[in-house]
Structure formats: structure tokens, C-alpha cells
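As a plain string of letters, each chain reads:
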Amino acid sequence: MSNSLQEEILKLKDEKNAIILAHNYQPKEIQEIADFLGDSLELCIKASKIDDKDLVIFCGVDFMAETAFILNPDKKIVIPTLEAECPMAHMLPEDVLLEAKKEHPDAGVILYVNSIAEAKQHADTLCTSANAVKVTESLPHDKILFGPDKNLGTHVAEKLDKEIIHVPKDGHCYVHRLFHVEDIELKREQHPNAEVICHPECNINVQNAADKVMSTGGMLKYIAESDKEEFIIGTEVDMITRINAEVPGKKLYPLLEGAICETMKLHTLEKVRDALVNEEPQVTLPKDVAEKSRKAVEHMLNAS
Ligand code: 13P
Ligand code: SF4
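First things first, this report covers the structure right here in the doc. Bear in mind that the values here come from a model prediction, so they are computed numbers and not experimental data.

## A short note on the overall build of the protein chain
And step 1. Secondary structure assignment for the protein chain yields 14 helices and 12 strands.
And step 2. Relative to the compact-globule value of 19 Å for 304 residues, the protein chain shows a C-alpha radius of gyration of 19 Å, a close match.
And step 3. Dimensions of the protein chain, computed from C-alpha atoms along their principal axes, come out at roughly 55 × 55 × 30 Å.
And step 4. Buried positions account for 58% of the 304 residues belonging to the protein chain.
And step 5. Considering only intrachain contacts with a sequence separation of at least 6, the fraction spanning at least 24 residues in the protein chain is 62%.
And step 6. Surface summary for the protein chain: the accessible area is close to 12,900 Å², and the carbon and sulfur share equals 48%.
And step 7. When the 34 basic and 54 acidic side-chain charges of the protein chain are each reduced to a single mean position, those positions are 3 Å apart.

## Structural notes on the site of ligand 2
And step 1. Lining the immediate surroundings of ligand 2 are Tyr25, Val61, Cys86, Pro87, Asn114, Cys173, Tyr174, Glu201, Cys261 and Met264.
And step 2. Considered class by class, the residues forming the shell around ligand 2 number 8 nonpolar, 1 polar and 1 charged.

## Some details on the site of ligand 1
And step 1. Neighbouring ligand 1 are the residues His23, Tyr25, Asp39, Ser40, Tyr112, Asn114, Ser129, His176, His199, Glu201, Ser215 and Thr216.
And step 2. The fraction of the free accessible surface of ligand 1 (300 Å²) that becomes covered by protein chains is 96%.

## Focus on the pattern of salt bridges
And step 1. For the coordinates displayed, the defined rule picks out 18 salt bridges.
And step 2. With a closest N to O distance of 3.7 Å, Lys212 and Glu195 form a salt bridge. On the criterion of sequence distance, the pair formed by Lys212 in strand 10 (residues 212–213) and Glu195 in strand 9 (residues 195–198) is long-range, its members being 17 residues apart.
And step 3. When the shortest N-O distance is used, the salt bridge between Lys287 and Glu291 registers 3.6 Å. Linking Lys287 with Glu291, this pair stays in helix 14 (residues 287–303), spanning 4 residues, or about one helical turn.

## With respect to the environment of His141
And step 1. Relative to the helices and strands, His141 resides in the loop between helix 7 (132–138) and strand 7 (143–147).
And step 2. Sequence spacing of His141 and Glu163 is 22 residues, and the spatial spacing of their C-alpha atoms is 9.1 Å.
And step 3. Every residue in contact with His141, bar those within four places of it in the chain, is listed here: Asp106, Ala107, Gly108, Asp124 and Lys162.

## With respect to the packing of helix 4 (residues 62–71) against helix 14
And step 1. Viewed as axis vectors pointing N to C, helix 4 and helix 14 meet at an angle of 95°, and their least axial separation amounts to 9 Å. Classified by the interaxial angle, the pair formed by helix 4 and helix 14 is roughly perpendicular. In this structure, helix 4 contributes Thr67, Phe69, Ile70 and Leu71 to the contact, and helix 14 contributes Ala290, Ser293, Arg294, Val297 and Leu301.

## Describing the pairing of strand 7
And step 1. Most of strand 7 sits out of view: 5 of its 5 residues are buried.
And step 2. Here strand 7 shows two buried faces, one formed by Lys143, Leu145 and Gly147 and the other by Ile144 and Phe146.
And step 3. Read as a crossover between parallel neighbours, the route from strand 7 over helix 8 (residues 150–159) to strand 8 (residues 163–166) is right-handed.

## Section: the sheet that holds strand 4 (residues 76–78)
And step 1. On the basis of which strands lie adjacent, the open sheet formed by 4 strands has the order 2-1-3-4 and parallel pairing. This sheet does not close on itself; its edge strands, each paired only once, are strand 2 (36–38) and strand 4. Averaged over neighbouring strand pairs, the angle between their axes works out to 20° when direction is ignored.
And step 2. As paired strands, strand 1 (residues 18–23) and strand 3 (residues 55–59) are joined by 5 bridges and run parallel to one another. When the bridges of strand 3 are listed, Leu21 appears paired with Phe58.

## What to know about the environment of Tyr25
And step 1. Inspection of the secondary structure assignment puts Tyr25 in the loop between strand 1 and helix 2 (28–31).
And step 2. A relative accessible area of 8% means that Tyr25 is categorised as buried.
And step 3. Placed 12 residues apart in sequence, Tyr25 and Leu37 show a C-alpha to C-alpha distance of 9.4 Å.
And step 4. Each residue touching Tyr25, except ones within four places of it in the same chain, is listed here: His176, His199, Thr216, Thr235, Glu236, Asp238, Met239, Met264 and Lys265.

## Side note on unusual backbone geometry
And step 1. A cis amide bond, omega -5°, links Gly147 with the succeeding residue Pro148.
And step 2. Here Pro148 lies in the loop between strand 7 and helix 8.
And step 3. Along the chain, Val167 connects to Pro168 via a cis peptide bond; the corresponding omega equals 0°.
And step 4. Positionally, Pro168 belongs in the loop between strand 8 and helix 9 (181–190).
And step 5. Its identity is not glycine, yet Asn17 carries a phi of approximately 50°, on the positive side.

## Quick notes on the packing of aromatic side chains
And step 1. The full count for this structure, using the stated rule, is 1 aromatic pair.
And step 2. The interplanar angle of 80° and the centroid separation of 6.5 Å between the aromatic rings of Tyr222 and Phe231 together place this pair among those described as edge-to-face.

Conventions and cut-offs
Residues numbered from 1 in each chain as written. Chains lettered and ligands numbered in written order. Predicted model: local features only at pLDDT ≥ 70, side-chain atom pairs only at ≥ 80, totals over all residues. Heavy atoms only, no water. Helix = DSSP H or I, 4+ residues; strand = E, 2+ residues; numbered from the N terminus. Rg over C-alpha atoms; globule rule 2.2 N^0.38 Å. Buried < 20%, exposed > 50% of the residue type's maximum accessible area, 1.4 Å probe, protein only. Contact = heavy atoms within 4.5 Å. Areas by Shrake-Rupley, 256 points an atom, 1.4 Å probe, with all protein chains shown as cover. Lys, Arg positive; Asp, Glu negative; His and termini not counted. Charge placed at Lys NZ, Arg CZ, Asp CG, Glu CD. Near = heavy atom within 4 Å. Nonpolar A, V, L, I, M, F, W, Y, C, P; charged D, E, K, R; others polar. Salt bridge = Lys/Arg side-chain N within 4 Å of Asp/Glu carboxyl O. Axes fitted to C-alpha atoms, helices over the stretch in contact; angles between N-to-C directions. Parallel < 35°, antiparallel > 145°, perpendicular 65-115°, else oblique. Right-handed = clockwise from strand over helix to strand, strands pointing away. Pairing = 2+ DSSP bridges. Phe/Tyr/Trp six-rings, centres within 6.5 Å; stacked < 30°, edge-to-face > 60°.

The following block contains the structure:
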């Protein structure tokens, strides 16, 4: 670490008894000052165990910071910029989910953690890309309303003998939608010894053309434990930053150099410093929404 702003942040963090949580898609300079880096599930688990800290700085997108608040309603959860929103999470408004529940009263409701809290409060449980199959299996229902990500829902449907109804019909991540089967073919030609790993938010034909499909945390563990040296990574490009920092000696190639989650990159060191100094902007939710959503988050954590 070389940057004086990074040194200032580390000092402030100690003075304020704060913890910095960051998602794997954060830029390198933020990954370097984070106390904990992870995928959505790992961040949820960490957020459920931060009793000894007075302040949480969450470098991720809105639904992740909201989940940290849901699990810690008495703590100050600060996100360096409120504009860091996940567009997919906003594709399932509360009224659309309520309408679908009315149409399918016998269905269990599983929402991807990438959803807004107003929708989460109406779910039986939540899932992340790391546990979607396991959590869906844990529900007794044969029919499942699954949202908002159609690709993750399809990934689950291919693994389980349950009827999956997508809500909305075509929820998706604009970053993972950039990948096509042709990109895999091209990269395989360029790197014939590399294994292709992609995220379950990719289109299902891309998932089927890859060698492995897993969450970002899963990718890190899999590559660290693999004897193979070369990997083509089908997810946001800064996942490679994380793996390179922790697993030396591997050759990692992005499936697409332009796979960048713009809102994840809105956090900067300056904004993290200001968030520590001012202890804002805070993430909060109405008490009833937080309480009802907590049940779904806790169900997922127990089923994981
Ligand atoms: P992970 O939980 O696999 O990190 O995925 C979160 C996400 O938003 C992927 O786009
Ligand atoms: Fe949302 Fe896609 Fe960004 Fe993940 S990569 S936070 S799903 S927009």
C-alpha cells in the first residue's frame, strides 16, 4: 500500500473503531484498505458478526449495505456514495412481487439478495449466487416464485425438479448480459489450456458453454485449490484483481475486458475517507421493512 489517502483511512478507521466491508468488484485501491472482502453471502455472514465495531463502511451496492443494516439495525451503516445502486435489484418493485404472489398463492418465494428491501420483506427466504440451489431445495414448495434474476433462476431450475416462475419475466444484470458464447469460443482459441469459469448471472447458454459456474467467492476458492494455472473469468473484471492479490502464480484472463459494474466503481478513496469523517451517508430502512426482511435473511443464513 503506497497511497497517503489509504494511510489516512486506516488511521481514521482505528480511531472510529470502524470496519470496512467491500465486495469483490471494488477497485484495487479499495480492496487494499478493506478489512473484509467477499461475495454477497460472505458479506452477509460477516455483517451478522460485527458486534465489536461502532461503525460499518460498506463498499458495495445498495442492496448489500441494506442487508448489513437489516442484520444490524442499531449500528451505523455508511455507504460512501448512495448512488451505488444495483440496477437489477430495482427490476423487482414491491407491487410486481405482490401481484405475482396473488397469482400463485401456492408458490414459495425466493428472492436473490440483489433485491430491494421492500421486496425482500415479502419473501419466504433469500439466496445468493453461492447458495441459490441449496436454499431453493430447502423450501418445501414444488412451485417457486424466483426473482429478480432470470439467469440465476434458470440455473436453479436446471438443477432441481421444481417449477420456477420468474418474477419479473426478464430480470437481469446488464454486466453479465454482455457475455456471449462467441466470447468463450474466442478466448478458448487464445488460451487453449485455460478453464472457463462464469457467474450464474450470465445467460444460460453462456453458463452451459463454460466449464464451471459459481459465485465470485466460489471462484476465488476454486482457483486457489486448483492445480490448473490458467483461467478465463466470466464476471466483473475486478474479480481478477482480488484473485491476483491472493492467489499468486495463476494466469487469469477476463472473458470481456469491458465487463465493468459502473455503480460499484462510484466509491473512491476520497469518498471512503469522507464517509469515515462524517459518518454519512447512512443506510437506513423503515423499522417494519427491516424487521420483516430480517426473517428472510435469517432463513437464508440458516439454510446455507
Ligand atoms: P456474488 O455474490 O457472486 O459476489 O455476486 C454478486 C453480484 O452482484 C454479482 O453481480
Ligand atoms: Fe448488480 Fe450486476 Fe453490478 Fe452485480 S454486477 S452489482 S448484479 S449490476
